[in-house]
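A look at the structure
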Amino acid sequence: MNYEQIIRLMLERGFLLPSSEIYADALAGFWDYGPLGVALKNKYVELWRRYLVRRDNMVEIDGCQIMPKSVFVASGHLAGFEDPIVSCTKCNLTLRADRLIQEKTGKIIPERLPNQELDNLISSNDIRCPNCGGNFGNVRRFNMMFKVNVGPSGEEAYLRPETCQSIFVDFPRLFKVMRCKLPVAFAQYGKSFRNEISPRQSLMRLREFYQAEIEVFFNPDKANEFEKFDAVKSEVLRLALDGEKLEEITAAEALEKGYLPNKLIAYYLVILKQFYQYAGLDVKRSRFRKLGDDEKAFYASSAFDFEVETSLGWIELVACNHRGDYDLSGHSKVSKKDMTVLDGDRDVLPNVFELSMGVDRSIYAIIEHSLVVDGERTVLRFKPYLAPIQVGVFPLVTRDGLPEAAKQIYSKIKLNFEAFYDESGSIGRRYRRMDEIGTPFCITVDYQTLEDNTVTIRDRDTMKQDRVKISELEQALQRRLFTYSP
RNA sequence: GCGGGAUUGGUCUAGUGGUUAGGAUACCAGCCCCCCAAGCUGGUGGUCGCGGGUUCGAAUCCCGCAUCCCGCACCA
């Protein structure tokens, strides 16, 4: 299935809704999660906590979405997150001013050049609209951050464009009160906001979106003194170092060959890949792509994108950036707070390696990779522990006391599991409905139930059934649902 | 932002100026009672993205706006 069909399925089944769709002035780039979507997302985030946050003893926080101007002065977003743009006075075509000039003149044009100088370059080189030949207006700045006004005085503040700034500004206190030692990782799941010029493809480019970010703070002199690496050194990574060319190589070899800068980064790339394996992504269709200098974010000294192949092509799920001491030194300068911490007997300003995960995109990718159309059967083969509905409960027929028996089981197990009771239509039809939303197990109450207090558990993927005693049902479900596997 | 296409019940769709907007699917109820969908009967649900205009009369023509898709540009 392609992107469009998948989105239709998500809309139809209550995974996703266009936000404020009843109004004609609904905004592009905003989508709501429906009941199944939020259930899937919550379980995905729980898995993230299990396989990354808890596994690595990370410290999780939940920071505010609105932050004061100073934060973004220090982070560089007020200057660096801003593009010089210019519009044609005739056809309104809008382009990046620096790139336009660079393209026409062949000269390297720094993005930070003042507007006036960019204007001068456009007129002195007689640059006209490539679309209609019209003249360009004056260069202006477009900042992708949403500005908000706080309090009656309208104090200038911004919606955070990335969640990690909360971690950086909280770092000094957190490090102390949580009794941290380097290296230490901080994690946060939450919303970020970017005023995208043209949001497209629903979950791929949202203006309000979820990130799950991990910021690893470490002593740059000790990035190779990293014992945890040994446990994962023989894991295979798929690396795209130079364009599309792909190398499958163990983490240890990648280090030896200098593809990866240090053990710490190698370790986190491995556990990120492992996490996605557990999330049910087809990692054979994934890669870590090394970004060229022209693609990297302004704060990154080296960067890998974790990407997966979908019907939309390769999409970026996680940006893995070596941010150096960019953030802490920036915040230290602007806030005049000391951001150094004690490591051994020495004060160090930690460096940061981040795994910045796009949650919404990940959800999309998992759905696409989980979807199997097998003849007439449409199945979402979610890992059981990610399934929005975990178990369906059905009476085989609607007579002879079977519905009553089934409802009794349902009312009991729904306290511990996401269960769904259904008695409408044929039994096969009910199984298929569950297949379509990825429910891994269905319990059927049949005539034998009335005789010996057993029910069948039907497996979504094999369609086979096991018979279990009602008294052992919850245990049996527990075991099936929470067997984690890559 | 630019160019192109699209916008009719949950979903797909017929309908290009004129009676209560038709169908499929889904859904609901009843029948059937069947362990892998699409059997029978009945039923709910749309005023046609929003606003304005033309016309005696518009889902159907015109304008504006919004959203979605594709291409370009943008994507810290």
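Residues numbered from 1 in each chain as written. Chains lettered and ligands numbered in written order. Predicted model: local features only at pLDDT ≥ 70, side-chain atom pairs only at ≥ 80, totals over all residues. Heavy atoms only, no water.

**Quick look at the side chain of threonine 456**
Our working rule: Every helix listed is a DSSP run of H or I at least four residues long, and every strand listed is a run of E at least two residues long, numbered separately from the N terminus. Partly exposed residues are those whose accessible area sits between 20% and 50% of the maximum for their type, while under 20% is buried and over 50% is exposed, using a 1.4 Å probe and protein chains only. Any pair of N or O atoms that falls within 3.5 Å is considered a polar contact. Within protein, one atom must be able to donate a hydrogen and the other to accept it, and sequence-neighbouring residues count only if both atoms are side-chain atoms. Should any heavy atoms of two residues lie within 4.5 Å, those residues are counted as being in contact.
As for its position among the elements, threonine 456 is in strand 25 (residues 454-459). The class for threonine 456 is buried, based on a relative accessible area of 7%. Within the structure, the side chain of threonine 456 is placed 3.3 Å from the side chain of glutamine 465, a separation counted as a polar contact. Each residue touching threonine 456, except ones within four places of it in the same chain, is listed here: Cys442, Ile443, Thr444, Asp446, Gln465, Asp466 and Arg467.

**What to know about helix 1 (residues 3-12)**
The line we're drawing: Directions drawn from the helix axis to the C-beta atoms are what define this arc.
If you check which residues of helix 1 are buried, you get Tyr3, Ile6, Ile7, Leu9 and Met10. What you see down the axis of helix 1 is that its buried residues fit within an arc of 160°, all on one side. Exposed side of helix 1, more than 90 degrees from the buried face: Glu4 and Glu12 are the residues found there. Packed against the buried residues of helix 1 are strand 1 (16-18), helix 11 (359-370), strand 20 (371-374) and strand 21 (377-380). Glycine 14 occupies a position one or two residues after helix 1 and carries a positive phi of about 85°.

**Quick word on the nonpolar core**
Applicable threshold: Only buried residues count toward a nonpolar core. Its members are Ala, Val, Leu, Ile, Met, Phe, Trp, Tyr and Cys residues joined through side-chain atoms within 4.5 Å. Where each domain starts and ends follows an automatic or database-derived domain assignment.
Ranked by internal contacts, the top residues of the largest apolar core, which has 85 residues, are Tyr44, Trp48, Tyr268, Leu272, Tyr276, Phe353 and Met357. Counting contributing residues, this core receives three or more from each of domain 1 (3-77 + 145-370) and domain 3 (378-481). Once residues lying within four places of it in the same chain are set aside, the contact partners of tyrosine 44 are Phe275, Tyr276, Ala279, Met357, Val359, Ser362, Ile363, Ile366 and Leu386. Core analysis: the second largest hydrophobic core is formed by 20 residues, Val393, Ala405, Phe441 and Ile457 among them.

**Examining the domain arrangement of chain A**
Going by this rule: As a working definition, buried area equals the accessible area (1.4 Å probe) given up by two parts on being put together, with both sides summed. Definition used for salt bridges: Asp or Glu carboxyl oxygen within 4 Å of a side-chain nitrogen of Lys or Arg. Each residue receives one of three labels: charged for Asp, Glu, Lys and Arg, nonpolar for Ala, Val, Leu, Ile, Met, Phe, Trp, Tyr, Cys and Pro, and polar for the others, Gly being one of them.
Each assigned domain of chain A is listed here: domain 1 (3-77 + 145-370), domain 2 (82-143) and domain 3 (378-481). A buried area of about 1,300 Å², summed over both sides, lies between domain 1 and domain 3, and 69% of it is on carbon and sulfur atoms. Of all residues in domain 1, Leu36, Lys43 and Ser370 bury the most surface against domain 3, accounting for 41% of the area lost on that side. The tally of links from domain 1 across to domain 3 stands at two salt bridges. Glutamate 436 is the salt-bridge partner of arginine 13, the closest N and O atoms lying 2.4 Å from each other. Going through the elements one at a time, helix 2 (35-54), helix 9 (263-278) and helix 11 are the ones with two or more residues in the side of domain 1 that touches domain 3. Per-element tally for the side of domain 1 that touches domain 3: the top contributor is helix 2, with six residues. The residue inventory of the side of domain 1 that touches domain 3, partitioned by class, reads eleven nonpolar, three polar and two charged.

**Comments concerning the protein's contact with RNA strand B**
Put simply, the rule is: Any residue with a heavy atom lying within 4 Å of a molecule or strand is counted as near it.
In the vicinity of RNA strand B lie 49 residues, with Phe81, Arg194, Phe298, Glu376 and Arg432 positioned nearest. Here, RNA strand B places atoms within 4 Å of the protein, and 56% of those atoms are sugar or phosphate. Arginine 433 has a polar side-chain atom sitting 2.4 Å from a phosphate oxygen of RNA strand B. Of all the secondary structure elements, the ones that give two or more residues to the surface near RNA strand B are helix 1, strand 6 (94-96) and helix 13 (427-436).

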